[in-house]
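Given next are the chains, with one letter for each unit.
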Amino acid sequence: MPFLALIAVGALWGAGQPLAKTAVSEGYRHVGILFWQLALGALLLGAVTLLRGRSLRFARADLPLLLFVALAGTVLPGISSYTAAVHLPSGLISILLSAVPMFTFPLALVLGNDRFSWRRLGGLSLGLGAVALLVLPETSLPEPGMARWIPVALISSVFYALEGNVVGRWGTRGLDPVKLLAGASALGAAIALPLALLSGQFIDPRPPWGAPDLAILAGSAIHALAYSGYVAVVASAGAVFAVQVSYLVTLFGLFWAMLFLGESYTGAIWGGAAHDVGRHGAGAAAPAPHSCKRRSIR
């Protein structure tokens, strides 16, 4: 069931935000974290692929798709998210991830994945209002200076929207989501490793391990599972349907942050969350699954 899959993906993805906050809490930074997230994810997903009796060989023509998924799905949004996590509360980042539909809808129109609707435009306007509610009032954030990091956090939403639309429009070349993500993660790790070494952000994997190290380990597994599920929903039901997961990420992200990090939020932040989740009812991005046409790019 697509909706049950969305709930599972939302719960997992929402847990990733508190783990990201923990991972950067003692000095680790984005490229070093991303290398291990991708490398561990590649090992996990590769093992699952082999256990399912499937080959890990890819065709040369698969390389552009793998590179796109690696960059737009993990490396670039990961740099954005981990950089923002140093400066913003985990729950706020979860709320900002629900901005993905704000970018998905116009991209879907450009790529022909959806048709214009005034109802969805109204929902998009509510989403913009929610972001304004977070940024404009001086008392909406724990520290007013945090506002300048909100655009950085929103960069990840742009890339998730782009990736979902591209996969929803042209398909996955017949690759199942687990194998696709295994290959993309391996390629992403190969890109992130030299960047981590050159920037001095490489993380020594030898023990003793602290909370940030355990957070990276858990976050890698969660990212691999949640992202595989997300790509599967996009490939089967379309990008505009799958993007509804962002509302669940917001709700679960706030819950996990309060439970594990003890975070609390101002009334403006709760208002922003209510606007983001409530705009689903205004039709920001919730057409029937079959409304998004998909073609194989083989």
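Just so we're clear, the structure is a prediction, and the values are computed from it rather than from any experiment.

## Considerations on the overall build of the chain
Here is step 1 of the chain: A tally of helices and strands in the chain yields 12 helices and 0 strands.
Here is step 2 of the chain: Overall, the chain shows an N-to-C arrangement of helices and strands of α-α-α-α-α-α-α-α-α-α-α-α.
Here is step 3 of the chain: Counting the 298 residues in the chain, one finds 53% classified as buried.
Here is step 4 of the chain: Restricting to contacts in the chain with at least 6 residues of sequence separation, those with at least 24 account for 88%.
Here is step 5 of the chain: Surface exposure of the chain reaches about 13000 Å², of which carbon and sulfur atoms provide 69%.

## Remarks on the pattern of salt bridges
Here is step 1 of the chain: Counted according to the given criterion, the structure contains 4 salt bridges.
Here is step 2 of the chain: Salt-bridge contacts for Arg52 lead to Asp176; the nearest nitrogen and oxygen are separated by 3.1 Å. Taken together, the residues span a long stretch of sequence, with Arg52 in the loop between helix H2 (30–51) and helix H3 (63–87) and Asp176 in the loop between helix H7 (150–170) and helix H8 (177–199) at a distance of 124 residues.
Here is step 3 of the chain: Residue Arg52 is classed as partly exposed on the basis of its relative accessible area, which comes to 39%.
Here is step 4 of the chain: Asp176 sits in the buried class, given a relative accessible area of 14%.
Here is step 5 of the chain: Taking the shortest distance from any N to any O, the salt bridge between Asp62 and Arg173 comes out at 2.6 Å.

## Observations regarding the environment of Phe255
Here is step 1 of the chain: Here Phe255 shows up in helix H11 (residues 245–261).
Here is step 2 of the chain: For Phe255, a relative accessible area of 42% translates into the label partly exposed.
Here is step 3 of the chain: The sequence separation of Phe255 and Ala15 amounts to 240 residues, and the corresponding C-alpha distance is 8.8 Å.

## Focus: the layout of surface pockets
Here is step 1 of the chain: For the largest pocket, the calculated volume is near 200 Å³.
Here is step 2 of the chain: Trp36, Leu40, Ile203, Asp204, Pro205, Trp209, Asp213, Leu214, Ile216 and Leu217 are the residues that line the largest pocket.
Here is step 3 of the chain: Secondary-structure elements contributing two or more residues to the lining of the largest pocket are H2 and helix H9 (211–237).
Here is step 4 of the chain: Top element by residues in the lining of the largest pocket is H9. It accounts for 4 residues.
Here is step 5 of the chain: Grouping the constituent residues of the lining of the largest pocket by class yields 8 nonpolar, no polar and 2 charged.

## Focus: the nonpolar core
Here is step 1 of the chain: If you look at the biggest cluster of nonpolar residues, it comprises 32 residues, and the most contacted ones within it are Trp13, Val69, Leu180, Leu181, Tyr230 and Val245.
Here is step 2 of the chain: When residues of this core are traced back to their parent elements, those giving at least two are helix H1 (2–23), H3, H7, H8, H9, helix H10 (239–242) and H11.
Here is step 3 of the chain: Tallying contributions element by element places H9 first for this core, with 8 residues.
Here is step 4 of the chain: Once residues within four sequence positions are removed from consideration, Trp13 is found in contact with Leu97, Tyr160, Ala226, Tyr230, Val245 and Val249.

## A short note on empty space enclosed by the protein
Here is step 1 of the chain: Per the counting criterion, the structure on display carries 2 cavities of 30 Å³ or more.
Here is step 2 of the chain: What the largest cavity holds in volume is close to 350 Å³.
Here is step 3 of the chain: Around the largest cavity, the lining is made up of 25 residues, and of these Trp13, Gln17, Gln37, Tyr82 and His223 lie nearest the centre.
Here is step 4 of the chain: Sorting the residues of the lining of the largest cavity by element identifies H1, H2, H3 and H9 as the ones contributing at least two each.
Here is step 5 of the chain: A per-element tally of the lining of the largest cavity places H9 first, with 8 residues.
Here is step 6 of the chain: Here the lining of the largest cavity is built from residues that sort into 16 nonpolar, 9 polar and no charged.
Here is step 7 of the chain: Taken as a whole, the second largest cavity holds about 60 Å³ of empty space.
Here is step 8 of the chain: Sort the elements by how many residues they give to the lining of the second largest cavity and H11 lands first, with 3 residues.
Here is step 9 of the chain: By residue class, the composition of the lining of the second largest cavity is 8 nonpolar, 1 polar and no charged.

How each quantity is defined
- Residues numbered from 1 in each chain as written.
- Predicted model: local features only at pLDDT ≥ 70, side-chain atom pairs only at ≥ 80, totals over all residues.
- Heavy atoms only, no water.
- Helix = DSSP H or I, 4+ residues; strand = E, 2+ residues; numbered from the N terminus.
- Buried < 20%, exposed > 50% of the residue type's maximum accessible area, 1.4 Å probe, protein only.
- Contact = heavy atoms within 4.5 Å.
- Areas by Shrake-Rupley, 256 points an atom, 1.4 Å probe, with all protein chains shown as cover.
- Salt bridge = Lys/Arg side-chain N within 4 Å of Asp/Glu carboxyl O.
- 1 Å grid on protein atoms, 1.4 Å probe; cavity = no way out; pocket = protein on both sides within 12 Å on 5 of 7 lines; lining within 4 Å.
- Points joined across faces, edges and corners; volume = space filled by probe spheres on them.
- Nonpolar A, V, L, I, M, F, W, Y, C, P; charged D, E, K, R; others polar.
- Core = buried A, V, L, I, M, F, W, Y, C linked by side-chain atoms within 4.5 Å.

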